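Inside the fold
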Amino acid sequence: ISRSAKTRQAALQSLRLALSSKTLSEFLLERRLTLTDSLEKCLKKGKGDEQALAGTVLTLLCLQMGSGPEGEEVFRSLKPLLVSVLTDSTASPSARQSCAMALGMCCYIAAADLEDLISCLSCLEGVFSPPSTGEAGSAPAQHGPLHCSALQSWSLLLTICPPSHLRSILDNRWLQLPPLLSSSSVALRILAGETIALVFELAQDLEEDLCHQDTELLCAQLKVLATESNKYRAKTDRRKQRSIFRDILRFIESGEYQEETIRFGLECMYLDSWARQRTYQAFKEVLGSGIRHHLQNNELLREIFGLGPPLVLDAAALKASKVSRFEKHLYNSAAFKARTKARSRVRDKRADV
């Protein structure tokens, strides 16, 4: 392993790019110990950016290894180190953020024991909901990204929690979430709202009742966020927040979920629940634009989303499925015309009013 931090960072960048854009599980199988050893050194001795990159590469390595004994071995050997960087208040925020994501993702993919799952949940909970009672909910702005990563990972692990442990979270611990709705970070507010919707969904699945005395208060708070027009918030932030909180409120009040379709290659899948959406977002966060390749070819992802074995297509089938550039152009221009006409009609009505 090189003595130059710059060289190590460049190597980690290349690894991140390769692991997110290709499926290399066969190739990595016999090299996983060497890789795990190098990542351990980078996490232990590196600083800031190097540790953050090592956390991301570790997540990608686990994702390539899958949920078998190899993935479990990678997770087991580096879990203590991830926890130690995440809980170290002197470590750089980017390194802690990356370790929060790695801890959640690797545990989701490869944890074999319930103890591992419970200890990861409680470690992540300690980050976004500190024990000091006074300021537990007012996540400071500078901690926004770290709180977001910890809450993202925590909510991802909720989706695989066995009913017995889930019930204890539904009984009281979810009440740490509503105070985060008043955070100064728009990303944290939105994530807290989505996690609350996920908790309500999981409670429905267990036929548990979350009619707590604070539920009415919570809905009032969600209504404010769904209609907020404060000028001191950025316009795009307000628009995004209103749209998402309208969906959250609709779900909590009437159980209606806004379905989304994800297309990749010749296939598509539906995000028809908060749990499915949370899982997709977590993988998208770590894989970036490589998500489509992995949805087509990575057996672990295909199993998680119930897509069956990877499709094997011959050249003729692929050619037949491709639309010519000219046909695409005709379709796009027709769609553009239709959209312009529809908008003009709406504008005319506004003018009449």
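Residues numbered from 1 in each chain as written. Predicted model: local features only at pLDDT ≥ 70, side-chain atom pairs only at ≥ 80, totals over all residues. Heavy atoms only, no water.

An unreviewed UniProt entry lists the protein under the name Interferon-related developmental regulator 2, from Manacus vitellinus. According to its UniProt record, the protein has this under Sequence similarities (unreviewed entry): "Belongs to the IFRD family." (UniProt positions renumbered as here; feature names shortened; annotations may be inferred.)

Moving on, we get to the overall build of the protein. Broken down by element type, the protein carries 17 helices and two strands. When contacts within the protein are restricted to residue pairs at least 6 apart in sequence, long-range pairs at least 24 apart make up 67% of them. Carbon and sulfur atoms provide 53% of the accessible area of the protein, an area that totals close to 18900 Å². (Helix = DSSP H or I, 4+ residues; strand = E, 2+ residues; numbered from the N terminus. Contact = heavy atoms within 4.5 Å. Areas by Shrake-Rupley, 256 points an atom, 1.4 Å probe, with all protein chains shown as cover.)

Taking 1.5 Å per residue, 15 residues should reach 21 Å; helix H8 (residues 144–158) reaches 21 Å between its end C-alpha atoms and fits that length. With respect to burial, H8 is a largely interior element, 14 of its 15 residues being buried. (Expected span 1.5 Å × (residues − 1). Buried < 20%, exposed > 50% of the residue type's maximum accessible area, 1.4 Å probe, protein only.)

Where helix H7 (residues 114–128) meets H8, the axes come as close as 8 Å, and the angle between the chain directions of the two elements is 150°. On the basis of the axis angle, H7 is roughly antiparallel to H8. The way H7 lies across H8 gives a crossing that is left-handed. Touching Leu-117, Cys-120, Leu-121, Leu-124, Glu-125, Val-127 and Phe-128 of H7 are Leu-146, His-147, Ala-150, Leu-151, Ser-153, Trp-154, Leu-157 and Leu-158, all from H8. The residue makeup of the contact of H7 with H8, split by class, is twelve nonpolar, two polar and one charged. (Axes fitted to C-alpha atoms, helices over the stretch in contact; angles between N-to-C directions. Parallel < 35°, antiparallel > 145°, perpendicular 65-115°, else oblique. Left-handed = near helix turned anticlockwise from the far one by under 90°. Nonpolar A, V, L, I, M, F, W, Y, C, P; charged D, E, K, R; others polar.)

The next subject is the pairing of strand E1 (residues 260–264). One ladder, built from five bridges, connects E1 with strand E2 (residues 267–271); its direction is antiparallel. Following the sheet pairing, Arg-263 is matched in E2 by Cys-268. Where E1 folds back onto E2 in an antiparallel hairpin, the turn is made up of two residues, including Gly-265, whose phi is positive at roughly 55°. (Pairing = 2+ DSSP bridges.)

We now examine the packing of aromatic side chains. Pairs of aromatic rings are described using the distance from one ring centre to the other and the angle between the two planes. Considering all chains together, one arrives at five aromatic pairs under this definition. Relative to Phe-283, the ring of Tyr-108 has its centre 6.1 Å away and its plane inclined at 75°; by these criteria the two rings are edge-to-face. On the criterion of sequence distance, the pair formed by Tyr-108 in helix H6 (residues 93–110) and Phe-283 in helix H13 (residues 274–287) is long-range, its members being 175 residues apart. With a relative accessible area of 0%, Phe-283 lands in the buried category. Ring plane angle 65° and centroid distance 5.2 Å describe the contact between Phe-128 and Trp-154, whose orientation is recorded as edge-to-face. Separated by 26 residues along the polypeptide, Phe-128 in helix H7 and Trp-154 in helix H8 bring together distant segments of the chain. On the accessibility criterion, Trp-154 (0% relative accessible area) is buried. Through a chain of ring-to-ring contacts, the aromatic side chains of Tyr-108, Phe-283 and Phe-305 assemble into a single cluster. (Phe/Tyr/Trp six-rings, centres within 6.5 Å; stacked < 30°, edge-to-face > 60°.)

Turning our attention to the side chain of Ser-155. Here Ser-155 shows up in helix H8. The exposure class of Ser-155 is buried, given its relative accessible area of 0%. Polar side-chain contacts of Ser-155 include one of 3.0 Å to the side chain of Arg-278. Excluding its chain neighbours within four sequence positions, the residues that come into contact with Ser-155 are Thr-195, Leu-198 and Arg-278. (Polar contact = N/O pair within 3.5 Å; in protein donor to acceptor, adjacent residues only side chain to side chain.)

Following the criterion strictly, the structure yields twelve salt bridges and no others. Between Arg-32 and Glu-73 there is a salt bridge, and its shortest N-O distance comes to 3.0 Å. With Arg-32 in helix H3 (residues 32–45) and Glu-73 in helix H5 (residues 69–86), the pair connects residues that are 41 residues apart, well separated along the chain. Taking relative accessible area as the criterion, Arg-32 reaches 17% and is therefore assigned buried. Relative accessible area serves as the criterion here: at 34%, Glu-73 is assigned to the partly exposed category. The shortest N-O distance in the salt bridge between Asp-116 and Arg-76 comes to 2.9 Å. Here Arg-76 lies in helix H5 and Asp-116 lies in helix H7, a separation of 40 residues in the sequence. Overall, Arg-76 belongs to the partly exposed group, its relative accessible area being 38%. Salt bridges sharing common partners tie together Arg-76, Lys-79, Asp-113 and Asp-116. (Salt bridge = Lys/Arg side-chain N within 4 Å of Asp/Glu carboxyl O.)

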